[in-house]
Amino acid sequence: MKHTEERPYADPEAAARKLFELAAIVAAVQDGRIYIERINAPFMVELKGSGKEFGAGLRYAIEAAGSRSMKAAPT
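Bear in mind the structure is a predicted one, so any value in this text is a computation, not a measurement.

Conventions adopted
Residues numbered from 1 in each chain as written. Predicted model: local features only at pLDDT ≥ 70, side-chain atom pairs only at ≥ 80, totals over all residues. Heavy atoms only, no water. Helix = DSSP H or I, 4+ residues; strand = E, 2+ residues; numbered from the N terminus. Contact = heavy atoms within 4.5 Å. pLDDT = per-residue confidence, 0-100. Salt bridge = Lys/Arg side-chain N within 4 Å of Asp/Glu carboxyl O. Buried < 20%, exposed > 50% of the residue type's maximum accessible area, 1.4 Å probe, protein only. Phe/Tyr/Trp six-rings, centres within 6.5 Å; stacked < 30°, edge-to-face > 60°. Polar contact = N/O pair within 3.5 Å; in protein donor to acceptor, adjacent residues only side chain to side chain. Arc of directions from axis to C-beta.

### So, the overall build of the protein chain
So, point 1. Helix and strand counts for the protein chain come out as 3 helices and 0 strands.
So, point 2. Long-range pairs, those at least 24 residues apart, make up 51% of the contacts in the protein chain between residues at least 6 apart in sequence.

### Some thoughts on the confidence of the model for the protein chain
So, point 1. Looking at the protein chain, pLDDT values average 88 and 87% of them are 70 or higher.
So, point 2. Per-residue pLDDT, averaged within each element of the protein chain, yields its smallest value for helix H3 (residues 51–72) (84) and its largest for helix H2 (residues 37–46) (96).

### Some remarks on the pattern of salt bridges
So, point 1. A full pass over the atoms with the stated rule returns 3 salt bridges.
So, point 2. The partner of Arg 17 in a salt bridge is Glu 13, with the nearest N and O atoms 4.0 Å apart. With Arg 17 and Glu 13 both in helix H1 (residues 12–25) and 4 residues apart, this pair spans about one turn of that helix.
So, point 3. Accessibility expressed as a relative area gives 46% for Arg 17, which makes it partly exposed.
So, point 4. A relative accessible area of 35% places Glu 13 in the partly exposed class.

### What about the packing of aromatic side chains?
So, point 1. Applying the stated criterion to the full structure yields 2 aromatic pairs.
So, point 2. Consider the rings of Tyr 9 and Phe 43, whose centres lie 5.2 Å apart with planes at 50°: the pair is tilted. Of the two residues, Tyr 9 is situated in the segment before H1 and Phe 43 in helix H2; the sequence distance between them amounts to 34 residues.
So, point 3. Using a relative accessible area of 13% as the deciding quantity, one classes Tyr 9 as buried.
So, point 4. Grouped by ring-pair contacts, the aromatic residues Tyr 9, Phe 43 and Phe 54 constitute a single cluster.

### Concerning the environment of Arg 7
So, point 1. Tracing the backbone shows Arg 7 in the segment before H1.
So, point 2. Dropping the residues within four chain positions of it, Arg 7 is found in contact with Lys 48, Gly 49, Ser 50 and Glu 53.
So, point 3. At 2.9 Å, the side chain of Arg 7 and the side chain of Glu 53 are in polar contact.

### Here we look at H2
For an α-helix, 3.6 residues make a turn, and residues three or four places apart therefore share a direction.
So, point 1. For H2, every residue scored as buried is listed here: Ile 39, Pro 42 and Phe 43. Down the axis of H2, the smallest arc covering the buried residues is 100°, so these residues share one side. Looking at H2, the residues exposed on the side facing more than 90 degrees away from the buried face are Glu 37 and Val 45.
So, point 2. One or two steps after H2, the chain reaches Lys 48, where phi turns positive at roughly 60°.

Shown next as structure tokens:
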């Protein structure tokens, strides 16, 4: 029987929430933009997230932000 450790960021929504938290504490460099490395490094090194979890969380966050802006747009 193989035991694996629990991966808290295996769920893309949970990973996206953590990425938003990390992005909120990073200083913007230009026009409100941040360097992706400033959230990638803490996610992968300090929080022990994987590259796949980072990518899935980032895609989820982008899709969620896009769907919110589409819903909020006047018709």
